Amino acid sequence: MMELYMALIMVVDDSVIIRKQLMTSLTKHEHQVLEAASAAAAIDLARSPEPIQLIISDVNMPGMNGLDMLAEIRSIPDHAKTPILMLTTESTEHLQREGMEKGANAWIVKPFNEEQLLAGIAHFLGGESP
């Protein structure tokens, strides 16, 4: 029997603590989570046949940053319109503007509020908030 879940969400962050916090919050609300510890790993997952429905990504990561990853993921036909939420400590208007220009759907500053994050996810997935 196939396991039912609300959405398959990819979490991209070099911090294992943040990935685990997000995984706990998301799985508690019946989402399935794919984890990527780097932008390169996230791009590989985005190119795989996994039906990723939403992406939550950090901006500051070693190697490729989240904004460059965002532009790369947007160039993948299956993810041209996938909701992407940037979850970051960065709050400058200039970076937020750059993120939105590269295709981010939302900009959330850490530390995040679980209820607000889940409401935002529900909004982008077209569902009800918890």
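For the structure itself, consult the block above.
Residues numbered from 1 in each chain as written. Predicted model: local features only at pLDDT ≥ 70, side-chain atom pairs only at ≥ 80, totals over all residues. Heavy atoms only, no water.

1. Regarding the overall build of the chain
Scanning the chain from terminus to terminus reveals 5 helices and 5 strands. In the chain, the succession of α and β elements from N to C terminus is β-α-β-α-β-α-β-α-β-α. Taken against the 2.2 N^0.38 rule, which gives 14 Å for 130 residues, the C-alpha radius of gyration of the chain at 14 Å falls within 12% of a compact globule. Principal-axis analysis of the C-alpha atoms places the extent of the chain at approximately 45 × 30 × 25 Å. Here the chain holds 130 residues, and 42% of them are scored as buried. Across the chain, contacts joining residues at least 24 apart in sequence account for 62% of those joining residues at least 6 apart. As presented, the chain carries roughly 7,000 Å² of accessible surface, and 53% of it is formed by carbon and sulfur atoms. Computing the positive centroid from 9 side-chain charges and the negative centroid from 18, the chain places the two 3 Å apart. (Helix = DSSP H or I, 4+ residues; strand = E, 2+ residues; numbered from the N terminus. Rg over C-alpha atoms; globule rule 2.2 N^0.38 Å. Buried < 20%, exposed > 50% of the residue type's maximum accessible area, 1.4 Å probe, protein only. Contact = heavy atoms within 4.5 Å. Areas by Shrake-Rupley, 256 points an atom, 1.4 Å probe, with all protein chains shown as cover. Lys, Arg positive; Asp, Glu negative; His and termini not counted. Charge placed at Lys NZ, Arg CZ, Asp CG, Glu CD.)

2. Quick notes on the sheet that holds strand 2 (residues 32-36)
Strand order in the open sheet made by the 5 strands is 2-1-3-4-5, with parallel pairing throughout. Of all strands in the sheet, those with a lone pairing partner are strand 2 and strand 5 (106-109), marking the two edges. Across the sheet, the axes of successive neighbouring strands diverge by a mean angle of 20 degrees, strand direction being ignored. Pairing geometry for strand 1 (residues 8-12) and strand 3 (residues 54-57), over 4 bridges, is parallel. Following the sheet pairing, Met10 is matched in strand 3 by Ile55. Packing against the sheet, helix 1 (residues 16-28) makes contact with strand 1, strand 2, strand 3 and strand 4 (84-88), and its axis sits at approximately 170 degrees to strand 2. Sheet strands touched by helix 5 (residues 114-125): strand 1, strand 3, strand 4 and strand 5. Its angle to strand 3, the strand with the most contacts, is close to 145 degrees. (Pairing = 2+ DSSP bridges. Axes fitted to C-alpha atoms, helices over the stretch in contact; angles between N-to-C directions.)

3. Section: the side chain of Asp58
By the element assignment, Asp58 lies in the loop between strand 3 and helix 3 (66-74). Residue Asp58 is classed as buried on the basis of its relative accessible area, which comes to 5%. Beyond its immediate chain neighbours, meaning those up to four positions away, Asp58 contacts Val12, Asp13, Asp14, Gly66, Met86, Leu87, Thr88 and Lys110.

4. A short note on helix 2 (residues 39-47)
Where helix 2 is concerned, the buried positions are Ala39, Ala42, Ile43 and Ala46. Projection of helix 2 onto a plane perpendicular to its axis shows the buried side chains occupying an angular sector of 100 degrees, all on one side. Those residues of helix 2 hidden inside the fold are in contact with strand 1, strand 2 and helix 3. (Arc of directions from axis to C-beta.)

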